[in-house]
Amino acid sequence: MSQPRDPKIPDLVSIQEAAAILGISKQAVHKRIDRGQLVGAPVGSTYVLRRAVVEAARSATPAE
């Protein structure tokens, strides 16, 4: 049985998951982070992004 989800912790996705949601490459996700079009936070050797932000970007910007 899984633990209940803490509502204070946002649902996060990896660069690879963000790319799949947006229908773009991982490199394009990195470019959007570099340009400030997406906000990601480094965690260890990778970045994580809030799922809600990525899904909002999916409807707001065209695919690259």
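For the structure, see preceding data.
These numbers come from a predicted model, not from an experiment.

Asks: Any details on the packing of helix 1 (residues 15-22) against helix 2 (residues 26-35)? Residues and values, ideally.
Replies: At a minimum axis distance of 8 Å, the contact between helix 1 and helix 2 shows a crossing angle of 100°. Judged on the interaxial angle alone, helix 2 and helix 1 are roughly perpendicular. Taking contact as the criterion, the partners of Ile15, Gln16, Ala18, Ala19 and Leu22 in helix 1 are, on helix 2, Lys26, Val29, His30, Arg32 and Ile33. Looking at side-chain class alone, the contact of helix 1 with helix 2 contains six nonpolar, two polar and two charged residues.

Asks: Explain the pairing of strand 3 (residues 46-50) residue by residue, including any values.
Replies: With three bridges joining them, strand 1 (residues 12-14) and strand 3 adopt antiparallel strand pairing. Bridged to Leu12 within strand 3 is Arg50. As paired elements, strand 2 (residues 40-43) and strand 3 share four bridges and run antiparallel to each other. The residue bridging Pro42 from the neighbouring strand is Tyr47, located in strand 3. Hairpin connection from strand 2 to strand 3: two residues lie between these consecutive antiparallel strands, with Gly44 at a positive phi of about 65°.

Asks: Could you give me a rundown of the packing of helix 1 against helix 3 (residues 51-60), with the residues and numbers involved?
Replies: Two elements in contact, helix 1 and helix 3, have axes separated by 9 Å at closest approach and are oriented at 30°. One way to sum up the angle between helix 1 and helix 3 is to call them roughly parallel. Considering only the axes of helix 1 and helix 3, their crossing is right-handed. Along the contact surface, helix 1 presents Ala18, Ile21 and Leu22, while helix 3 presents Arg51, Val54, Glu55, Ala57 and Arg58. Partitioned by chemical class, the residues of the contact of helix 1 with helix 3 number five nonpolar, no polar and three charged.

Asks: Let's hear about the sheet that holds strand 3: which residues, and what values?
Replies: Pairing is antiparallel in the open sheet, where three strands are placed in the order 1-3-2. Of all strands in the sheet, those with a lone pairing partner are strand 1 and strand 2, marking the two edges. For this sheet, the mean inter-axis angle between neighbouring strands, taken without regard to orientation, is 40°.

Asks: Break down the environment of Arg58 for me, citing the residues and quoting the values.
Replies: With respect to the helices, strands and loops of the structure, Arg58 is situated in helix 3. The class for Arg58 is partly exposed, based on a relative accessible area of 46%. For Arg58 and Leu22, which are 36 residues apart along the polypeptide, the C-alpha to C-alpha distance reads 5.2 Å. Ignoring any residue separated from it by four or fewer positions in sequence, one finds Arg58 in contact with Ile21 and Leu22.

Basis of the calculations
- Residues numbered from 1 in each chain as written.
- Predicted model: local features only at pLDDT ≥ 70, side-chain atom pairs only at ≥ 80, totals over all residues.
- Heavy atoms only, no water.
- Axes fitted to C-alpha atoms, helices over the stretch in contact; angles between N-to-C directions.
- Helix = DSSP H or I, 4+ residues; strand = E, 2+ residues; numbered from the N terminus.
- Parallel < 35°, antiparallel > 145°, perpendicular 65-115°, else oblique.
- Contact = heavy atoms within 4.5 Å.
- Nonpolar A, V, L, I, M, F, W, Y, C, P; charged D, E, K, R; others polar.
- Pairing = 2+ DSSP bridges.
- Left-handed = near helix turned anticlockwise from the far one by under 90°.
- Buried < 20%, exposed > 50% of the residue type's maximum accessible area, 1.4 Å probe, protein only.

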